[in-house]
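Here's the letter readout for the chains.
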Amino acid sequence: EERARKFPGLPIHPVEGDFMKPVRLPDEVSHLPHLGFFPGSTIGNMVARTAVDLLRSMRQTLGPDSQLLIGMDLIKDAAVLEAAYDDAEGVTAAFNLNLARRINRELGGTIPLDKLRHVARWNDTYARIEMHLEAMEDFAFEVSGQRFTMARGETIHTENSHKFDRRSQYTLLLAGGWTPAERWVDSEERFSLVLADATRPRNAP
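Residues numbered from 1 in each chain as written. Predicted model: local features only at pLDDT ≥ 70, side-chain atom pairs only at ≥ 80, totals over all residues. Heavy atoms only, no water.

**Here we look at helix α4 (residues 91-106)**
Here comes step 1: Its 16 residues place the ends of α4 22 Å apart at the C-alpha level, agreeing with the 22 Å of an ideal helix rising 1.5 Å per residue.
Here comes step 2: Along α4, the sharpest kink reaches roughly 30°, centred on Asn98.
Here comes step 3: Buried residues of α4: Thr92, Ala93, Asn96, Leu97, Ala100 and Asn104, and no others.
Here comes step 4: Where α4 is buried, its residues touch α3 (78-84), β3 (116-123), β4 (128-135) and β7 (155-162). (Helix = DSSP H or I, 4+ residues; strand = E, 2+ residues; numbered from the N terminus. Expected span 1.5 Å × (residues − 1). Bend = angle between axes of the 7 residues up to and from the residue. Buried < 20%, exposed > 50% of the residue type's maximum accessible area, 1.4 Å probe, protein only. Contact = heavy atoms within 4.5 Å.)

Structure below.
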(Lines give C-alpha, C1' and ligand atoms only; values in the text may rest on other atoms or scores of the structure.)
Protein backbone atom coordinates (compact mmCIF):
# COMPACT_ATOMS: atom_id res chain seq x y z
CA GLU A 1 0.00 0.00 0.00
CA GLU A 2 2.83 2.40 0.82
CA ARG A 3 4.50 1.81 -2.56
CA ALA A 4 1.17 2.19 -4.34
CA ARG A 5 0.70 5.60 -2.70
CA LYS A 6 4.27 6.61 -3.49
CA PHE A 7 4.03 5.51 -7.13
CA PRO A 8 0.37 6.00 -8.12
CA GLY A 9 1.09 5.49 -11.81
CA LEU A 10 2.80 2.13 -11.28
CA PRO A 11 0.56 -0.95 -11.08
CA ILE A 12 1.57 -3.01 -8.02
CA HIS A 13 0.34 -6.56 -7.41
CA PRO A 14 1.60 -7.86 -4.04
CA VAL A 15 2.29 -11.58 -3.71
CA GLU A 16 2.71 -13.17 -0.31
CA GLY A 17 4.63 -16.41 -0.27
CA ASP A 18 7.65 -18.44 0.76
CA PHE A 19 10.33 -18.21 -1.91
CA MET A 20 11.53 -21.69 -0.93
CA LYS A 21 8.23 -23.02 -2.30
CA PRO A 22 6.64 -22.56 -5.74
CA VAL A 23 5.31 -19.02 -6.24
CA ARG A 24 2.56 -18.15 -8.72
CA LEU A 25 2.49 -14.66 -10.19
CA PRO A 26 -0.84 -12.82 -10.53
CA ASP A 27 -2.73 -13.29 -13.80
CA GLU A 28 -2.61 -9.52 -14.32
CA VAL A 29 1.13 -9.69 -15.10
CA SER A 30 1.24 -12.99 -16.96
CA HIS A 31 1.55 -11.25 -20.38
CA LEU A 32 4.45 -9.02 -19.31
CA PRO A 33 8.19 -9.75 -19.46
CA HIS A 34 9.52 -10.71 -16.04
CA LEU A 35 12.68 -9.76 -14.23
CA GLY A 36 13.35 -11.50 -10.93
CA PHE A 37 15.50 -9.68 -8.38
CA PHE A 38 17.11 -11.69 -5.57
CA PRO A 39 19.30 -9.16 -3.73
CA GLY A 40 21.81 -9.63 -0.97
CA SER A 41 23.53 -13.01 -1.00
CA THR A 42 20.81 -15.27 0.39
CA ILE A 43 21.61 -17.89 -2.25
CA GLY A 44 24.88 -18.44 -0.37
CA ASN A 45 23.05 -19.71 2.72
CA MET A 46 21.97 -22.82 0.80
CA VAL A 47 23.88 -25.95 -0.06
CA ALA A 48 24.27 -26.47 -3.80
CA ARG A 49 21.33 -28.82 -4.34
CA THR A 50 18.96 -26.49 -2.48
CA ALA A 51 20.25 -23.45 -4.37
CA VAL A 52 19.72 -25.23 -7.69
CA ASP A 53 16.19 -26.23 -6.67
CA LEU A 54 15.43 -22.59 -5.82
CA LEU A 55 16.83 -21.32 -9.12
CA ARG A 56 14.75 -23.88 -11.03
CA SER A 57 11.67 -22.80 -9.10
CA MET A 58 12.39 -19.16 -9.99
CA ARG A 59 12.76 -20.18 -13.63
CA GLN A 60 9.36 -21.87 -13.47
CA THR A 61 7.74 -18.87 -11.78
CA LEU A 62 9.19 -16.21 -14.09
CA GLY A 63 8.73 -18.07 -17.36
CA PRO A 64 10.66 -18.80 -20.54
CA ASP A 65 11.52 -15.23 -21.61
CA SER A 66 12.46 -13.90 -18.20
CA GLN A 67 15.65 -12.63 -16.61
CA LEU A 68 17.07 -12.93 -13.12
CA LEU A 69 19.27 -10.37 -11.36
CA ILE A 70 20.93 -12.05 -8.39
CA GLY A 71 23.45 -10.97 -5.78
CA MET A 72 26.27 -13.36 -4.86
CA ASP A 73 29.09 -12.81 -2.37
CA LEU A 74 32.60 -13.49 -3.64
CA ILE A 75 35.45 -15.57 -2.24
CA LYS A 76 37.88 -13.48 -0.23
CA ASP A 77 40.85 -14.06 2.03
CA ALA A 78 39.90 -16.45 4.84
CA ALA A 79 41.03 -14.01 7.54
CA VAL A 80 38.80 -11.28 6.08
CA LEU A 81 35.81 -13.60 5.99
CA GLU A 82 36.32 -14.98 9.48
CA ALA A 83 36.68 -11.46 10.87
CA ALA A 84 33.49 -10.38 9.11
CA TYR A 85 31.50 -13.25 10.62
CA ASP A 86 33.08 -12.88 14.06
CA ASP A 87 32.97 -9.10 14.30
CA ALA A 88 34.44 -7.25 17.26
CA GLU A 89 31.05 -5.74 18.15
CA GLY A 90 29.61 -9.23 18.60
CA VAL A 91 26.66 -8.64 16.26
CA THR A 92 27.01 -11.96 14.42
CA ALA A 93 27.66 -13.81 17.67
CA ALA A 94 24.43 -12.41 19.14
CA PHE A 95 22.59 -13.43 15.96
CA ASN A 96 23.96 -16.97 16.20
CA LEU A 97 23.33 -17.35 19.94
CA ASN A 98 19.78 -16.13 19.41
CA LEU A 99 19.05 -19.53 17.86
CA ALA A 100 19.67 -21.21 21.23
CA ARG A 101 17.79 -18.43 22.99
CA ARG A 102 14.73 -19.06 20.81
CA ILE A 103 14.95 -22.81 21.41
CA ASN A 104 14.83 -22.13 25.14
CA ARG A 105 11.92 -19.73 24.77
CA GLU A 106 9.82 -21.51 22.16
CA LEU A 107 10.64 -25.19 22.64
CA GLY A 108 11.05 -25.35 26.40
CA GLY A 109 14.81 -25.67 26.10
CA THR A 110 17.30 -25.48 28.94
CA ILE A 111 20.43 -24.70 26.90
CA PRO A 112 22.94 -22.83 29.12
CA LEU A 113 23.75 -19.88 26.88
CA ASP A 114 26.74 -18.88 29.01
CA LYS A 115 28.40 -22.20 28.14
CA LEU A 116 28.25 -21.64 24.38
CA ARG A 117 30.44 -19.46 22.22
CA HIS A 118 30.06 -18.33 18.64
CA VAL A 119 32.61 -19.68 16.15
CA ALA A 120 33.02 -18.73 12.47
CA ARG A 121 35.18 -21.02 10.33
CA TRP A 122 36.21 -20.87 6.68
CA ASN A 123 35.75 -24.25 4.98
CA ASP A 124 37.91 -24.03 1.88
CA THR A 125 36.68 -27.36 0.47
CA TYR A 126 33.11 -26.06 0.19
CA ALA A 127 34.05 -22.35 -0.19
CA ARG A 128 31.89 -21.31 2.72
CA ILE A 129 31.90 -19.70 6.12
CA GLU A 130 30.37 -22.04 8.68
CA MET A 131 28.86 -20.69 11.86
CA HIS A 132 28.88 -22.91 14.92
CA LEU A 133 27.91 -22.78 18.56
CA GLU A 134 30.74 -24.41 20.50
CA ALA A 135 30.45 -25.89 23.99
CA MET A 136 33.02 -24.36 26.33
CA GLU A 137 32.54 -27.23 28.80
CA ASP A 138 30.54 -30.45 29.12
CA PHE A 139 26.85 -29.93 29.83
CA ALA A 140 23.39 -31.49 29.46
CA PHE A 141 20.15 -29.83 28.43
CA GLU A 142 16.60 -30.57 27.35
CA VAL A 143 14.54 -29.52 24.35
CA SER A 144 10.85 -30.40 24.15
CA GLY A 145 11.30 -32.96 26.90
CA GLN A 146 14.24 -34.74 25.25
CA ARG A 147 17.64 -34.82 26.91
CA PHE A 148 20.87 -34.00 25.06
CA THR A 149 24.51 -33.59 25.99
CA MET A 150 27.42 -31.67 24.54
CA ALA A 151 31.07 -32.30 25.24
CA ARG A 152 33.61 -29.50 25.50
CA GLY A 153 34.69 -28.48 22.00
CA GLU A 154 31.64 -30.06 20.36
CA THR A 155 29.68 -27.75 18.10
CA ILE A 156 26.23 -27.22 16.66
CA HIS A 157 26.60 -26.25 13.00
CA THR A 158 24.00 -23.47 12.65
CA GLU A 159 24.51 -21.78 9.29
CA ASN A 160 26.50 -21.66 6.05
CA SER A 161 27.43 -18.70 3.91
CA HIS A 162 28.83 -19.92 0.60
CA LYS A 163 31.12 -17.68 -1.42
CA PHE A 164 31.61 -17.78 -5.17
CA ASP A 165 33.95 -16.99 -8.00
CA ARG A 166 32.83 -16.37 -11.58
CA ARG A 167 33.01 -20.04 -12.58
CA SER A 168 31.05 -21.35 -9.60
CA GLN A 169 28.45 -18.59 -10.04
CA TYR A 170 27.91 -19.51 -13.67
CA THR A 171 27.86 -23.25 -12.99
CA LEU A 172 25.21 -22.82 -10.28
CA LEU A 173 23.05 -20.60 -12.48
CA LEU A 174 23.34 -22.93 -15.48
CA ALA A 175 22.35 -25.90 -13.32
CA GLY A 176 19.31 -23.92 -12.20
CA GLY A 177 18.10 -23.11 -15.70
CA TRP A 178 19.68 -19.66 -16.16
CA THR A 179 22.27 -18.53 -18.72
CA PRO A 180 24.56 -15.75 -17.44
CA ALA A 181 24.44 -12.61 -19.57
CA GLU A 182 26.20 -9.86 -17.61
CA ARG A 183 28.22 -9.66 -14.40
CA TRP A 184 29.18 -6.68 -12.26
CA VAL A 185 31.54 -6.52 -9.26
CA ASP A 186 32.39 -3.73 -6.84
CA SER A 187 35.74 -1.95 -6.99
CA GLU A 188 37.26 -4.26 -4.37
CA GLU A 189 35.79 -7.40 -5.98
CA ARG A 190 33.99 -8.49 -2.84
CA PHE A 191 30.43 -8.76 -4.13
CA SER A 192 28.79 -9.28 -7.49
CA LEU A 193 25.50 -9.00 -9.33
CA VAL A 194 24.77 -11.39 -12.17
CA LEU A 195 22.09 -10.92 -14.80
CA ALA A 196 20.96 -14.19 -16.35
CA ASP A 197 18.47 -15.17 -19.05
CA ALA A 198 16.08 -18.08 -18.69
CA THR A 199 17.75 -20.95 -20.52
CA ARG A 200 15.73 -22.22 -23.46
CA PRO A 201 15.27 -26.00 -23.68
CA ARG A 202 17.64 -27.73 -26.10
CA ASN A 203 18.29 -31.31 -27.09
CA ALA A 204 21.98 -30.99 -27.86
CA PRO A 205 24.84 -30.51 -25.36
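**Focus on the pairing of strand β6 (residues 146-150)**
Here comes step 1: Examined bridge by bridge, strand β5 (residues 139-143) and β6 share five bridges and lie antiparallel to one another. Looking at the pairing, Val143 lines up with Gln146 of β6.
Here comes step 2: Taking the residues between adjacent antiparallel strands as the criterion, β5 and β6 are bridged by two residues, where Ser144 takes a positive phi near 55°. (Pairing = 2+ DSSP bridges.)

**Remarks on the sheet that holds β7**
Here comes step 1: Strand order in this open sheet of three strands is β3-β4-β7, and the pairing throughout is antiparallel. This sheet does not close on itself; its edge strands, each paired only once, are β3 and β7. Recorded for the sheet is a direction-independent mean angle of 20° between the axes of neighbouring strands.
Here comes step 2: In the sheet, β3 pairs with β4 via eight bridges, with the strands oriented antiparallel. Bridge pairing in β4 links Trp122 to Ile129. (Axes fitted to C-alpha atoms, helices over the stretch in contact; angles between N-to-C directions.)

**A few points about the sheet that holds strand β1 (residues 35-38)**
Within a sheet, adjacent strands bond to each other through the backbone by hydrogen bonds, running parallel or antiparallel.
Here comes step 1: The four strands lie next to each other as β1-β2-β9-β8, forming an open sheet whose pairing is mixed. One side of each edge strand has no neighbouring strand; the edge strands of this open sheet are β1 and β8 (178-185). Averaged over neighbouring strand pairs, the angle between their axes works out to 20° when direction is ignored.
Here comes step 2: Direction of pairing for β8 relative to strand β9 (residues 191-198): antiparallel, over a ladder of seven bridges. Within the sheet, the bridge partner assigned to Arg183 lies in β9 and is Val194.

**Looking at the side chain of Ser66**
Here comes step 1: In this fold, Ser66 is placed in the loop between α2 (48-62) and β2 (67-73).
Here comes step 2: For Ser66, a relative accessible area of 2% translates into the label buried.
Here comes step 3: Within the structure, Ser66 has its side chain in polar contact with the backbone oxygen of Gly63 (distance 2.7 Å). (Polar contact = N/O pair within 3.5 Å; in protein donor to acceptor, adjacent residues only side chain to side chain.)

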